[in-house]
Amino acid sequence: MGRQQLINSLKKYVLSRVQTVKPTNIVIKVCMGTGGIAAGGSEVMDAFRTELDASGIEATVAKNCLTHKVGCRGLCAKDVLVDVIVKGQKTTYQYVKPEMISRIVKEHIIENNPVTDWVVGDDYHNFHKKQLKVVLSDCGSIDPEDIDAYIAGKGYEAARKVLTSSAPEDVIGIIKASGLRGRGGAGFPTGVKWEAAMKQASRQKYMICNADEGDPGAFMDRSVIEGNPHAVIEGMIIGAYSIGADKGYVYIRAEYPLAVERLRKALSDARTRGFLGKDILGTKFSFDIKVKLGAGAFVCGEETALIASIEGQRGMPRAKPPFPVYSGLWGKPTVINNVETLANIPYIIRNGAEWFSSFGTEKSKGTKVFALTGKIKNSGLIEVPMGIPLREIIYDIGGGIEGDRALKAIQTGGPSGGCIPAEMLDTPVDFESLAKVGSIVGSGGMVVLDEDNCMVNMAQYFLQFTQMESCGKCVPCRIGTKRLLEILDRITKGKGKEGDIELLGKLSADIKAASLCGLGQTAPNPILSTIKYFRDEYEAHLNGKCPAAVCKELLTYYILEEFCKGCGACLRACPAKAITGEKKKLHKIDSAMCIKCGACFDVCKFKAVGKE
């Protein structure tokens, strides 16, 4: 099936779902994900309600006027995003502020003339054109705090179908046939994991959702829970039924307050409606879910460390085997899936394994959610078919590089991933292709780097994170990452030694081979990939130069004579008094006195201060 056919198939599916929702004359959807709220979504929604009430519109159309919140719309860079739907005709507004609402209500809702000045442009539509949304298909559309909105879109139909008419083996067969692999990083086949747990003879089993998302710049799982928590709950119900579990946990970090709040409300509503608890939907299957708050330790994303944390122990990994499906929480068979994996399950059951497996590549089926961040014009949350080239993500969906600078690399897979150079921009995004070029899909972080980024500095940044997050249980990770960081630190300060690059490579290989868990086994990846593709930058640092002019200790500041106006701004800003010059005459920097703070560079509006 070609890509256009896939898109048409998905559009047909989405349209069929929209048609099941009771129509209203006026619907206003305000983005109230974390990004939307930070940009003023709450105030925008209040302003709409106030303005509609003052205009008498709500009284006029009675129950046919609906204003509600939705989860992340994806293009966070243009928040607050608002859909105004009048008699089925949708108009989307961007950068909406409370003071814009009276005009939108008057001209659009009352006079039926959309305010074209504030309507989204081609970049918004291009952002969505090449995406395929399965997990995110309801995010940004339904109210995440309204279980009826989820049910109206066929929510919980998959759970009902499974519990009332399918044997656990049949459900596992569907998931295996779909080709769904874990979206948390390892990419292990979900159906195979469920089958292993199902075959264990134990009166007690557990189903756990891993929502301990901790990668810098990643917000996929958080956004899914904030935008559609019932899909995750429904996925857990189906998984628990398949393996024979009657207890479940969602392990989520406490610093996701909005996600925790909406998850708890969704769990409460699901219990009230009989989707959780004893004898679900009149069957003999019972299952309930508890929320366990994590303290924000990155290592607790590793499944055995997560289990230890739920058990009340310090979150540290243990050696495997035995794997959790054989001996997990309190020694019982346990399946751990991440948020995105579980959110896929209801859609697969509803539409079939063949439907899901028609997306993606031969070995990487379906779609993948990514948090697209860094030096990119359209940053935000995206969902794309597996196998899409990086080029299409960066330029067609992301809109290209900020300031139209040159792309240098894309870092995928979070702090444990690798940096892929611009020359490999046509690399397909799937488990196998990214592994071939020295990176990983990971949980879905994707950071775009431009010509102004120093790759040695980037490797140092990610290693600082993993070194700080190491639990310290095994020596290779605890001490090895510390030694790696020390070497990178001296290289970025111009104190590198001959042989440091080779030492980094050898030490990295040893750490990967000997560490206990995935954190240590993947921590050196950013170093290895940057040495492989950007060795010239490491060598330049050893020769006292930072080509991207980022590493402070290697910089030299100077005045560009042709641009200097003698305004004195740099002189006044310099805390070391290293700049001299009279008013309206050329200024100079004494390099011996310069402390390389960059204050002169930042304050000069004539761009007369250079650095190298």
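This text follows the structure it describes.
Everything numeric in this text was worked out from a predicted model, so none of it was measured. (Residues numbered from 1 in each chain as written. Predicted model: local features only at pLDDT ≥ 70, side-chain atom pairs only at ≥ 80, totals over all residues. Heavy atoms only, no water.)

Colleague: Can you help me understand the overall build of the protein in this one?
Modeller: The helix and strand tally for the protein stands at 25 helices and 17 strands. Across its three principal directions, the C-alpha atoms of the protein cover 85 × 65 × 45 Å. By the burial criterion, 56% of the 612 residues in the protein qualify as buried. A sequence separation of at least 24 residues applies to 71% of the contacts in the protein between residues at least 6 apart. For the protein, the computed accessible surface area is about 25,600 Å², with 51% contributed by carbon and sulfur atoms. Charge-centre separation for the protein: the mean point of 80 positive side chains lies 3 Å from the mean point of 69 negative side chains. (Helix = DSSP H or I, 4+ residues; strand = E, 2+ residues; numbered from the N terminus. Buried < 20%, exposed > 50% of the residue type's maximum accessible area, 1.4 Å probe, protein only. Contact = heavy atoms within 4.5 Å. Areas by Shrake-Rupley, 256 points an atom, 1.4 Å probe, with all protein chains shown as cover. Lys, Arg positive; Asp, Glu negative; His and termini not counted. Charge placed at Lys NZ, Arg CZ, Asp CG, Glu CD.)

Colleague: I'm lost on the pairing of strand 3 (residues 82-86) in this one. Help?
Modeller: The two faces of the sheet receive side chains in turn, since in a regular strand these alternate between them. A large share of strand 3 lies buried, amounting to 5 of its 5 residues. Burial of strand 3 is two-sided: the residues Val 82, Val 84 and Val 86 facing one way and the residues Asp 83 and Ile 85 facing the other way are all buried. Pairing of strand 1 (residues 26-31) with strand 3, which is carried by 5 bridges, proceeds in the antiparallel orientation. Across the sheet, Lys 29 pairs through a bridge with Asp 83, a residue of strand 3. (Pairing = 2+ DSSP bridges.)

Colleague: So what exactly am I meant to see when it comes to the nonpolar core here?
Modeller: For soluble globular proteins, the rule of thumb is that nonpolar side chains tend to be buried together. Counting 71 residues, the largest nonpolar core has Trp 194, Met 207, Ile 233, Ile 237, Ile 238 and Phe 287 as its most contacted members. Of all the elements, helix 12 (residues 229-243) adds the most residues to this core, at 9 residues. Once you skip the residues sitting within four places of it in the chain, Trp 194 turns out to touch Ile 172, Ile 175, Met 207, Gly 235, Ile 238, Gly 239, Ser 242, Ile 243, Val 335, Asn 337 and Ile 345. Counting residues in hydrophobic clusters, the runner-up holds 29 residues, among them Val 120, Ile 382, Ile 401 and Ile 410. (Core = buried A, V, L, I, M, F, W, Y, C linked by side-chain atoms within 4.5 Å.)

Colleague: Even after reading the chapter, I still don't get the sheet that holds strand 13 (residues 445-450), so can you show me in this structure?
Modeller: Within a sheet, neighbouring strands are paired by backbone hydrogen bonds and run either parallel or antiparallel to one another. In space, the 5 strands of this open sheet follow the order 10-9-13-11-12, with mixed pairing throughout. Only two strands of the sheet have a single partner each, and these edge strands are strand 10 (380-385) and strand 12 (418-421). Put simply, the sheet's adjacent strands are angled 30° from each other on average, direction ignored. Where strand 11 (residues 407-412) meets strand 13, 5 bridges bridge the pair, whose relative direction is antiparallel. Bridging from a neighbouring strand, Thr 412 pairs with Met 446 of strand 13. Here helix 11 (residues 220-227) sits on the sheet and contacts strand 9 (367-374), strand 10 and strand 13; the angle it forms with strand 9, its principal contact strand, is near 115°. Its contacts with the sheet put helix 23 (residues 525-542) on strand 11 and strand 12, and the angle it makes with strand 12 is roughly 30°. (Axes fitted to C-alpha atoms, helices over the stretch in contact; angles between N-to-C directions.)

Colleague: Teacher, can you tell me more about the layout of surface pockets here?
Modeller: Considered as a void within the structure, the second largest pocket measures approximately 1,300 Å³ in volume. Taken together, 46 residues line the second largest pocket, and the ones lying closest to its centre are Gly 184, Gly 185, Ala 186, Gly 301 and Glu 302. For the lining of the second largest pocket, the leading source of residues is strand 8 (residues 334-338), giving 5 residues. Residues of the lining of the second largest pocket, tallied by class, amount to 17 nonpolar, 19 polar and 10 charged. (1 Å grid on protein atoms, 1.4 Å probe; cavity = no way out; pocket = protein on both sides within 12 Å on 5 of 7 lines; lining within 4 Å. Points joined across faces, edges and corners; volume = space filled by probe spheres on them. Nonpolar A, V, L, I, M, F, W, Y, C, P; charged D, E, K, R; others polar.)

Colleague: Mind showing me how you'd approach the side chain of Asp 143 here?
Modeller: Residue position: Asp 143 is located in the loop between helix 6 (122-129) and helix 7 (147-152). Excluding anything up to four places from it in sequence, Asp 143 contacts His 68, Lys 69 and Ala 149.

Colleague: Just to check I follow, could you spell out the sheet that holds strand 6 (residues 247-253) for this structure?
Modeller: The parallel open sheet is built from 4 strands, whose spatial order is 7-6-5-8. One side of each edge strand has no neighbouring strand; the edge strands of this open sheet are strand 7 (288-294) and strand 8. Looking at each pair of strands side by side, their axes are set apart by 20° on average, direction ignored. Here strand 6 runs beside strand 7; their pairing, made up of 7 bridges, is parallel. From the neighbouring strand, Val 250 faces strand 7, where its bridge partner is Val 291.

Colleague: Where do I start with the packing of helix 9 (residues 168-178) against helix 15 (residues 339-351) in this structure?
Modeller: The axes of two packed helices give the description: the angle between them and the distance between them. Here helix 9 crosses helix 15 at 100°, and the two axes come no closer than 10 Å. Taken together, the axes of helix 9 and helix 15 lie roughly perpendicular to each other. For the pair helix 9 and helix 15, contact is made by Val 171, Ile 174, Ile 175 and Ser 178 and by Ile 345, Ile 348 and Ile 349, respectively. Taken together, the residues that form the contact of helix 9 with helix 15 break down as 6 nonpolar, 1 polar and no charged. (Parallel < 35°, antiparallel > 145°, perpendicular 65-115°, else oblique.)

Colleague: Would you explain unusual backbone geometry in this entry?
Modeller: Trans is the prevailing form of peptide bonds, just as negative phi is the prevailing case for residues other than glycine. Between Asp 79 and Val 80 the backbone carries a cis peptide bond, its omega angle lying at 5°. Looking at where Val 80 falls in the secondary structure, it is placed in the loop between strand 2 (65-70) and strand 3. With an omega of 5°, the peptide bond between Pro 321 and Pro 322 qualifies as cis. Structurally, the position occupied by Pro 322 is in the loop between helix 14 (303-310) and strand 8. A positive phi is found at Lys 87, a non-glycine position, where the angle reads about 50°. Among the secondary structure elements, Lys 87 is positioned in the loop between strand 3 and strand 4 (89-93). Here Lys 87 falls in the exposed class, since its relative accessible area comes to 72%.

Colleague: Could you clarify how one ought to interpret the pairing of strand 12 in this entry?
Modeller: Neither face of strand 12 is left uncovered, since the one carrying Gly 418 and Ile 420 and the one carrying Cys 419 and Pro 421 both have all their residues buried. Sheet topology places strand 11 next to strand 12; 4 bridges connect them, and they run antiparallel. Across the sheet, residue Gln 411 finds its bridge partner in strand 12, namely Cys 419. Between strand 11 and strand 12, which pair antiparallel in sequence order, lie 5 residues; one of them, Gly 413, sits at a positive phi of approximately 85°.

Colleague: Got a minute to help me understand the pattern of salt bridges in this structure?
Modeller: Pairing between side chains of opposite charge can happen when their charged atoms approach one another. The full count for this structure, using the stated rule, is 34 salt bridges. In this structure, Asp 83 and Arg 73 form a salt bridge, with 3.0 Å as the shortest nitrogen-oxygen distance. In this pair, Asp 83 is assigned in strand 3 and Arg 73 in the loop between strand 2 and strand 3, connecting sequence segments 10 residues apart. Taken as a pair, Asp 83 and Arg 73 share a single burial class, namely buried. (Salt bridge = Lys/Arg side-chain N within 4 Å of Asp/Glu carboxyl O.)

Colleague: Just checking my understanding: could you explain the side chain of Asn 453 for this structure?
Modeller: Tracing the backbone shows Asn 453 in the loop between strand 13 and helix 19 (455-469). Among the polar contacts made by the side chain of Asn 453, one reaches the main-chain amide nitrogen of Asp 450 at a distance of 2.9 Å. Once you skip the residues sitting within four places of it in the chain, Asn 453 turns out to touch Lys 375, Lys 408, Met 458 and Ala 548. (Polar contact = N/O pair within 3.5 Å; in protein donor to acceptor, adjacent residues only side chain to side chain.)

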